Amino acid sequence: MKKFNFKWLQSTFLFTALLFCMTVNASINANEVKNILLQKYMINYSDKNQIADLKAETLKHGGQSVEALIEVMKNGKYPDKNRWVATFLLGQIMGEKSAPFLAKFLKHPSWVMRMASLKTMLALRQKDYGTHYAMLLADDSFIVRSQALENIRTLKITNTAPQVWAMLYDKKNYYQPTLNGKELKTKRSNIIKSVIVTVGELKFEQAKLPLIKMIQKDKYNDIFNEMDKSLSLITGQKSPDSDSKAKRIFWQRMALNSTIQ
């Protein structure tokens, strides 16, 4: 009969006890980290160095910071600038794994959180959320619309081109200047120039003929260069290095050739 190995049993018990203690300590440390960070994220910092310190401390704790960052993002009691920071840091710590969670904030009531999520997802090069970005092209916030357009343009999400083109017809992208209380002619905001170039970069073929018609008209002179560039990108043809008259003739001939073909 074999003798029972008490030394083996003793070493196994010690190992199990040590593993248990390590697990408990890790849990305690995680809770401590969360509580400390939540207290610091509650402060409304006015100094850039303090924000830098907050970022550094968050990153130092790595994955143990995640619970605190999620809490800050979800809770409106924290200052907006800190929620912005938390969003970026969550993306930095978790990488692509954070994308599904970040995407939920693209529908958040606060434009700050929608904007922060857009910028973080762009930094993570998230191309699979084109329909989410396209939805925000009609957002009530000008800055959110601009960032959604930038995401689409930078990531070259071609299937959203129709929604980008639709921005030309959205009244939110125009403004009504006044002089001495009198309304003047409606003007295009700067986002329209970005829209024109973006449809070119996305090679939106359906925009070609409308752009050729628009470029012939003086009322679009303020976006002439953008239309010329966009048409070059869509067609692969470059207009003459000359004045606007020569360029208009060039594109008119191209429209005629397209019609004949």
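This structure is a prediction, so every number in the text was calculated from the model and none was measured.

As a further point, take the overall build of the protein chain. Scanning the protein chain for helices and strands turns up 13 helices and four strands. Every one of the 261 residues in the protein chain was classed for burial, and the buried ones make up 41%. Accessible surface for the protein chain amounts to roughly 15900 Å². Of this, 56% is attributable to carbon and sulfur atoms.

Side chains of K185, K187, K213, K217 and K219 sit close together on the surface and give a patch of like positive charge. With respect to the helices and strands, K185 occurs in the loop between β3 (182-183) and β4 (187-188).

Further remarks concern the nonpolar core. With 65 residues, the main nonpolar core has Y41, Y133, L137, V164, W165, L211 and M227 as its most contacted residues. Not counting residues up to four positions away in its chain, the partners in contact with L137 are R145, A148, L149, I152, Q163, V164, M167 and D170.

All right, on to the packing of aromatic side chains then. By the definition in use, this model includes four aromatic pairs. Considering the side-chain rings of W84 and F88, the 5.7 Å spacing of their centres and the 35° angle between planes classify their relative orientation as tilted. Here W84 pairs with F88, and both are found in helix α4 (residues 80-94), just four residues apart, close to one helical turn. On the basis of relative accessibility, which here comes to 26%, the residue W84 falls in the partly exposed class. Taking 5.1 Å as the distance between ring centres and 65° as the angle between the ring planes, the aromatic pair formed by F101 and F105 counts as edge-to-face.

The topology assignment puts H108 in the loop between α5 (99-104) and α6 (111-123). Those residues in contact with H108 that lie beyond four places of it in its chain are R83, M113 and R114.

This part is about the packing of α6 against helix α8 (residues 142-155). Between α6 and α8, the least distance of the axes is 9 Å, while the angle of their chain directions is 15°. Between α6 and α8, the interaxial angle falls into the category roughly parallel. Taken as a pair, α6 and α8 cross one another with a handedness that is left-handed. Note on element contacts: α8 touches α6 through I143, V144, Q147, A148, E150, N151, T154 and L155, opposite W111, R114, M115, L118, K119 and L122. For the contact of α6 with α8, the per-class residue count stands at eight nonpolar, three polar and three charged.

This part covers unusual backbone geometry. Backbone geometry follows two general trends: most residues other than glycine have a negative phi, and most peptide bonds adopt the trans configuration. Positive phi values are uncommon outside glycine, yet R125 reaches one of about 60°. Examined against the element boundaries, R125 turns out to sit in the loop between α6 and α7 (130-135). Its identity is not glycine, yet N180 carries a phi of approximately 55°, on the positive side. Turning to its location among the elements, N180 is positioned in the loop between β2 (178-179) and β3. By relative accessible area, which is 78% here, N180 ends up exposed.

The next point concerns the packing of α8 against helix α10 (residues 191-201). Direction vectors running N to C along α8 and α10 enclose 20°, while the axes themselves pass 10 Å from each other. Taken as axis vectors, α8 and α10 run roughly parallel relative to one another. Considering the relative orientation of α8 and α10, their crossing is left-handed. Residues F142, R145, S146, L149 and R153 of α8 pack against I191, S194, V195, V197, T198 and E201 of α10. Of the residues in the contact of α8 with α10, the class split is five nonpolar, three polar and three charged.

With that out of the way, let us pick up the confidence of the model for the protein chain. Overall, the predicted model of the protein chain reaches an average pLDDT of 89, with 88% of residues at or above 70. Across residues 17-28, confidence stays below pLDDT 50; counting only partners more than four residues off in sequence or on other chains, it has one contact.

Rules and cut-offs
Starting from 1, residues in each chain are numbered consecutively following that chain's sequence as written. For a predicted model such as this one, the threshold for reporting local features is a pLDDT of at least 70, and the threshold for listing and counting side-chain atom pairs is 80 or more; totals across whole chains, interfaces and linings nevertheless cover every residue. Water and hydrogen atoms were dropped before computing side-chain values, which therefore reflect all heavy atoms in the structure. Secondary structure follows DSSP: runs of H or I at least 4 residues long count as helices, runs of E at least 2 residues long count as strands, and numbering of each begins at the N terminus. Summary of the burial criterion: residues with accessible area below 20% of their type's maximum are buried, those above 50% are exposed, and those between are partly exposed, where the area comes from a 1.4 Å probe applied to protein chains only. For the area figures, the Shrake-Rupley method with a 1.4 Å probe applies, and any residue is considered shielded solely by the protein chains shown. Nonpolar side chains (Val, Leu, Ile, Met, Phe, Trp, Tyr) are joined into patches within 5 Å and like charges within 9 Å, using only residues with over 30% relative accessible area and no salt bridge. Salt bridges are identified by distance alone: a Lys or Arg side-chain nitrogen within 4 Å of an Asp or Glu carboxyl oxygen. Charged residues are defined narrowly, with Lys and Arg counted positive, Asp and Glu counted negative, and His plus the chain ends left uncounted. The location of each charge is read from NZ of Lys, CZ of Arg, CG of Asp or CD of Glu. In this text, buried Ala, Val, Leu, Ile, Met, Phe, Trp, Tyr and Cys residues form a nonpolar core when linked through side-chain atoms within 4.5 Å. Two residues form a contact once any of their heavy atoms are found within 4.5 Å. Each pair of aromatic rings taken from Phe, Tyr and Trp, with Trp reduced to its six-membered ring, is defined by centres within 6.5 Å and is described as stacked if the planes are under 30 degrees apart, edge-to-face if over 60, and tilted in the remaining cases. Under this scheme, a helix contributes an axis fitted over its contacting stretch, all axes are lines through C-alpha atoms, and angles between N-to-C directions fall in the 0 to 180 degree range. Should an angle fall under 35 degrees it is taken as roughly parallel, and over 145 as roughly antiparallel, whereas 65 to 115 is taken as roughly perpendicular and any remaining angle as oblique. Crossings are assigned a handedness: left-handed for a near helix turned anticlockwise from the far helix by less than a right angle, right-handed for a clockwise turn. By the convention adopted, Pro, Cys, Tyr, Trp, Phe, Met, Ile, Leu, Val and Ala count as nonpolar, Lys, Arg, Asp and Glu as charged, and the other residues, Gly among them, as polar. Residue-level confidence of the predictor is summarised by pLDDT, bounded by 0 at the bottom and 100 at the top.

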